[in-house]
Structures are given as structure tokens and as C-alpha cells.
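# Fold and geometry: a report
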Amino acid sequence: AIRDIKKQAARSTIIDKSLLKEKNDDLSRVKILLLGGADAGKSTILKQMRILHMSGFSDEEMHSFHKHLRFNVFQIFHEVAIGVQECITSIAENEKHLIYRFAEGLSWYMGLDDEKENDILLSFLEMKCVLSFMEQFPNYSSLPDNAHYYFPKLATLLSPEYMPTSEDILHLRIPTTAVNEINFSFATSTIRLIDVGGQRTYRKKWIHCFDGVAAVLFVASMAAYDQALDEVDVMIKPVLHKDLLSPAHADKPKLPNRLRDSAQLFGEMLRSTFLLASAFILFLNKKDLFAKKLPVHPLNKYISGYTGRNTEQASEYLKEYFLKRKSKKDKDRKIYSHYTCATDTKNVEFVFKAACDIVLTKNLNSSGIQ
């Protein structure tokens, strides 16, 4: 009996130690949620954390680079072809066919072998109408952000022997369709960073990630001020009888502005009952693209009320545009904001460290960061 009591006591001690360890681990683990609209740069920030605090990208991700690159390039050329049709008045007869093919969609290239694809992609870049368009409209509103990165080195990137760099992978655009999570050490804590899909159709799934969130990193694209939401990203509305009887050529409704949608989402997240105790950090991303766009696309054309004259004033106006989304109840709530460039590793490292050091250390002691 005494032997059994000793065994039970030893087992109880082990269980107590295990529970204490789990409790301490939970206290030192900080859950941070990456939120924001589609194409804001959340996944790029997640990739940067993998580069900075983990082992970078796996061999499988390196090998899949060419597949994603080709799809990205076809998406870019689709937008370029539409832009050429809209903006270039004269297109050479021998160039019209390829422009029309790219403008009509992406499905036609399915089944082409890699060599044939390469020839098509490289010949597209050399066409006079495309060169003229890129020279006259380098900041065309619907042109994907990674176009200017991939264009100059496309011939090298498409080579099957080419080994991609971390920067090449950072510029890939791969829509997040599932919750991605990484865990890494920062100072004396473990950061649990969670990235969710930004498209409207995925937002209803976010609530499953809201439990125990210490801080929200809300990422907004500053360069989206002159962009509209994609048609597939707009909430589906019921078809009414009058819509069925309306003429087929009726004008389509104007799509919502992408920046306004992001600011509205920011306000909704601030008011979420699940996130009232969470610290909020606003990452105003793509500051480099924003600075390039402003001289060509004035901010006051898209956001009413702006009267500034330079990039600094425009940046400050956008920051206030988001911060005004606070309700009366949380008017004294501190929200930290930073201007970021998610593809710049040094910038992201500095900003993320500042966010953790200032916000988490000061306001989240209960979560274990001392």
C-alpha cells in the first residue's frame, strides 16, 4: 500500500510539473493575428518572418517557384493587354492577336509546354504596343505590384535551371485560401503569427482565430487608393426579378474602392467584441508604390477631403483616414501605426521589432512579455 501511495505521489508530481510547464508556455506564447484586405501584403510579412526568424523556404517551395511565377506573369500580362486595349490607340496588325488572347483570359494557355510558354511570354514583352504602354503608364492602376520586379529579369527567371532567391519568392502573389500559422522565438517569448485570407469570401472564417489574440497586425495597402475590388471579391447579391428583365448591355454597378473597403474592415475589427482587449497595430504597407503613384494619380481624385501637396502629407492623411474609424467608446484606445514596405526585409524587421518591443512589452504583460 505504501509502495502504491509513493507511485501515485510521484505520478501526481509529474502531472503537476507538466501542467505548470504548459501554463508557463502559454504565458510566454503571444498570439498575433495578421488581418487586412486582399493583396495588402499580409502573406509577404509572414514570409519575411520565416526569413528573419526561421529557416526560410523549404525545397518544395523553391521547386514550385516556376509554376507560381508563370501564373503570376500570365496574370500581369492579362492586365497589361487590357491596358493596351484601353490606352494605346494604334496596335500593329501582327501584335493584335496576342494582345487579344491575353486580354480575354488565362485559360487559353493551359496545356502549353514550358518552352512554348517561354517564347510567348518573352515575345509579348518585346511587342511595340506593350513597350509603349509600360513607358507611358508604368503605374497603371490594375497593374500587379510585382510587375516591375519580374519584367527586367524575366528571361533569367523562366530558365528551368534558375534557382530562385528569397526576394524572388517574396514577390510572388499567391492568394491565401486557408489559415497559415508560424511559431518563432522573439526575445523571451514565442510568437504565434497567424495569417488569414483577405478576400471577402474568407472573412467569415476569421472568427475561429479570434480567441486569445494578444495583438492584431492590420495590414492595409496604401497603393490601393486608386484600385477597385475585383468582381469576384464583391459580396454576391440576390438576383431580383427586375434584374432578369433588364437589358443585357446595362452598365455594371461601380465596384467599391479597395482602400475604403480596407478602412471599413479596420473599423469593424476594432469594434469586434472578441478583439476589444487586443492591441492594434496598423501597418500602412506599400509605401514605395504609393510614392510612385501619387504624381500620376492624385489622391484627391479617389479620396475626398484631401488637400495636401506631397507624399508625406498624403501618407499622414491616409493614416488619419484609418484612425478615424475608431468609435466613441474607444476614442482613447492607443493604436500604433507604421509605414511599411513588406518586400523590404530590413524595413519589416525594424517595424516588427518596434511593434513587439513597444506595444507587446508595454501593454501585454498579462500575456507573458515582460
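Scroll up to find the structure.
A short tour of the structure in this document, coming up. Just so it is clear, the model here is predicted, and its values are computed rather than measured.

## So, the overall build of the chain
Scanning the chain from terminus to terminus reveals 16 helices and 6 strands. Counting over 370 residues, the chain shows a buried share of 45%. A sequence separation of at least 24 residues applies to 77% of the contacts in the chain between residues at least 6 apart. Surface summary for the chain: the accessible area is close to 21,000 Å², and the carbon and sulfur share equals 54%.

## Considering the packing of helix α4 (residues 65-87) against helix α7 (residues 128-136)
Contact pair α4 / α7: the axes reach a minimum separation of 10 Å and the direction vectors enclose 85°. Relative to α7, α4 is oriented roughly perpendicular. Contacts between α4 and α7 involve Val80, Gly83, Val84 and Cys87 from the former and Cys129, Val130, Phe133 and Met134 from the latter. Its residues assigned to classes, the contact of α4 with α7 comprises 7 nonpolar, 1 polar and no charged.

## Side note on the packing of aromatic side chains
Under the defined criterion, the tally for this structure stands at 17 aromatic pairs. With centroids separated by 5.2 Å and ring planes inclined at 75°, the aromatic side chains of Phe133 and Tyr140 adopt a geometry described as edge-to-face. For Phe133, a relative accessible area of 0% gives the class buried. For Tyr140, a relative accessible area of 13% gives the class buried. Three or more aromatic residues joined by ring pairs form one cluster here, namely Phe74, Phe77, Phe102, Phe124 and Phe151. Sitting over the face of the ring of Tyr321, Arg325 holds its NZ or CZ atom 4.9 Å from the ring centroid. Between Lys334 and the ring centre of Tyr336, over which it is positioned, the NZ or CZ distance is 5.3 Å.

## Here we look at the pattern of salt bridges
Note on pairing: side chains with opposite charge can pair once their charged atoms come close. For the structure shown, the criterion picks out 11 salt bridges. Across the salt bridge formed by Arg101 and Glu104, the nearest N and O atoms sit 3.2 Å from each other. Here Arg101 and its partner Glu104 are both found in helix α5 (residues 93-104), 3 residues apart, which amounts to about one turn of the helix. Overall, Glu104 belongs to the exposed group, its relative accessible area being 58%. For the salt bridge of Glu181 with Arg192, the shortest nitrogen-to-oxygen distance reads 2.7 Å. With Glu181 in strand β2 (residues 180-186) and Arg192 in strand β3 (residues 189-195), the pair connects residues that are 11 residues apart, well separated along the chain.

About the thresholds
- Residues numbered from 1 in each chain as written.
- Predicted model: local features only at pLDDT ≥ 70, side-chain atom pairs only at ≥ 80, totals over all residues.
- Heavy atoms only, no water.
- Helix = DSSP H or I, 4+ residues; strand = E, 2+ residues; numbered from the N terminus.
- Buried < 20%, exposed > 50% of the residue type's maximum accessible area, 1.4 Å probe, protein only.
- Contact = heavy atoms within 4.5 Å.
- Areas by Shrake-Rupley, 256 points an atom, 1.4 Å probe, with all protein chains shown as cover.
- Axes fitted to C-alpha atoms, helices over the stretch in contact; angles between N-to-C directions.
- Parallel < 35°, antiparallel > 145°, perpendicular 65-115°, else oblique.
- Nonpolar A, V, L, I, M, F, W, Y, C, P; charged D, E, K, R; others polar.
- Phe/Tyr/Trp six-rings, centres within 6.5 Å; stacked < 30°, edge-to-face > 60°.
- Lys NZ or Arg CZ within 6 Å of the ring centre and 35° of its normal.
- Salt bridge = Lys/Arg side-chain N within 4 Å of Asp/Glu carboxyl O.

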